[in-house]
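The chain contents come next:
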Amino acid sequence: MREPPPRLSDAQKASRKIAAAQKANRDKLLQDDITKLIGEHEERIKALALAHSVSEKHIKDIIGSHTHYHTKRKPQVLNALVHAKAKEINQDLPVGERYKLMEIRAMIKNEEWSFTEEQKQEAVKDLLEHRETQRTGVRANNAAAARDALATVTRITKEALLYERTGICSSLFVTRSHVNDSFHTSWFATNNDAFDFWEDVMNLRPDDISRHYEQWACALGKNIAQRDSLANMRKEVTKLISTGLSELSIVL
């Protein structure tokens, strides 16, 4: 169980409101500059295609020949020590008073010589366990789960250039598996031909597929919850014990 966060004072609320407004203004300026850059980028691609007598797609294939997905490196000892130090000094502090990452890194650089090899290996092991928990652990509430799902799907959809780089067609359908989940059903395809397959060959529209998919997943989740109830678990345990005793009596 997690303790609820402390309530914010009026001054803290006003400060956060001002910071949010400033961030929104910075985000808008950044988005405007990005939009301008994209327009200039498209014009530059057209000029290069005309100058070198090649198609725009050929130039986009060359430009987009990298991927956002990379193999994760093993955790470095410094990162592991920073993680261990952060757990030690920030555990009992309120959110607003916790030490920043740069401050903790400075502490570790001053104290790194005092750690034994055994402590360093233990810190690396603890960091690996923490990452595994972050990767597979159940989120604290539905809102956190929805944010995690949205961020993961967004990273996947950023690989939209996969079709342009490799010619691979793919489609993705994502849905919630419980009626209380706040994540909305969505779908994505690398190109229009991927959706044409569902409509032309399977005679199904993407929104129909997502709706049926959501109904099936929620019904399956409900059945799993009923199947994993205490009464059913008792029945399964009783059945396993009876089967084991029967096999043991036959052997004896």
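Preceding this paragraph is the structure being described.
This is a predicted model, so every value here is computed, not measured.

Conventions adopted
Residues numbered from 1 in each chain as written. Predicted model: local features only at pLDDT ≥ 70, side-chain atom pairs only at ≥ 80, totals over all residues. Heavy atoms only, no water. Phe/Tyr/Trp six-rings, centres within 6.5 Å; stacked < 30°, edge-to-face > 60°. Helix = DSSP H or I, 4+ residues; strand = E, 2+ residues; numbered from the N terminus. Axes fitted to C-alpha atoms, helices over the stretch in contact; angles between N-to-C directions. Left-handed = near helix turned anticlockwise from the far one by under 90°. Contact = heavy atoms within 4.5 Å. Nonpolar A, V, L, I, M, F, W, Y, C, P; charged D, E, K, R; others polar. Salt bridge = Lys/Arg side-chain N within 4 Å of Asp/Glu carboxyl O. Buried < 20%, exposed > 50% of the residue type's maximum accessible area, 1.4 Å probe, protein only.

(A) Focus on the packing of aromatic side chains. If you walk through the whole model with that rule in mind, you get 3 aromatic pairs. Centroid distance F173 to W198: 5.6 Å. Interplanar angle 90°. Geometry classified as edge-to-face. Residue F173 is located in strand β1 (residues 171-174), and its partner W198 is located in helix α8 (residues 192-200); the two are separated by 25 residues in the primary sequence. The rings of F173, F197 and W198 are connected pair by pair, giving a single aromatic cluster.

(B) Representation of the packing of helix α1 (residues 10-52) against helix α2 (residues 56-63) in the model. At a closest axis distance of 9 Å, the pairing of α1 and α2 adopts a crossing angle of 115°. α2 is crossed by α1, and the crossing has right-handed handedness. Contacts between α1 and α2 pair H41, E42, I45, K46, L48 and A49 from the former with E56, I59, K60 and I63 from the latter. Here the residues of the contact of α1 with α2 are counted per class, giving 5 nonpolar, 1 polar and 4 charged.

(C) A look at the pattern of salt bridges. Considering all chains together, one arrives at 7 salt bridges under this definition. Of the charged contacts, one joins D27 and K23 as a salt bridge, the two residues approaching to 2.9 Å between their closest N and O atoms. A residue pair is termed a helical-turn pair when its members lie 3 or 4 positions apart in one helix, as D27 and K23 do in helix α1 at 4 residues. Judged by relative accessible area, D27 falls into the partly exposed class, the value being 36%. The class for K23 is partly exposed, based on a relative accessible area of 46%. Here K120 and E117 are joined by a salt bridge, their closest N and O atoms 4.0 Å apart. Here K120 pairs with E117, and both are found in helix α5 (residues 117-136), just 3 residues apart, close to one helical turn. For E117, a relative accessible area of 53% puts it in the exposed group.

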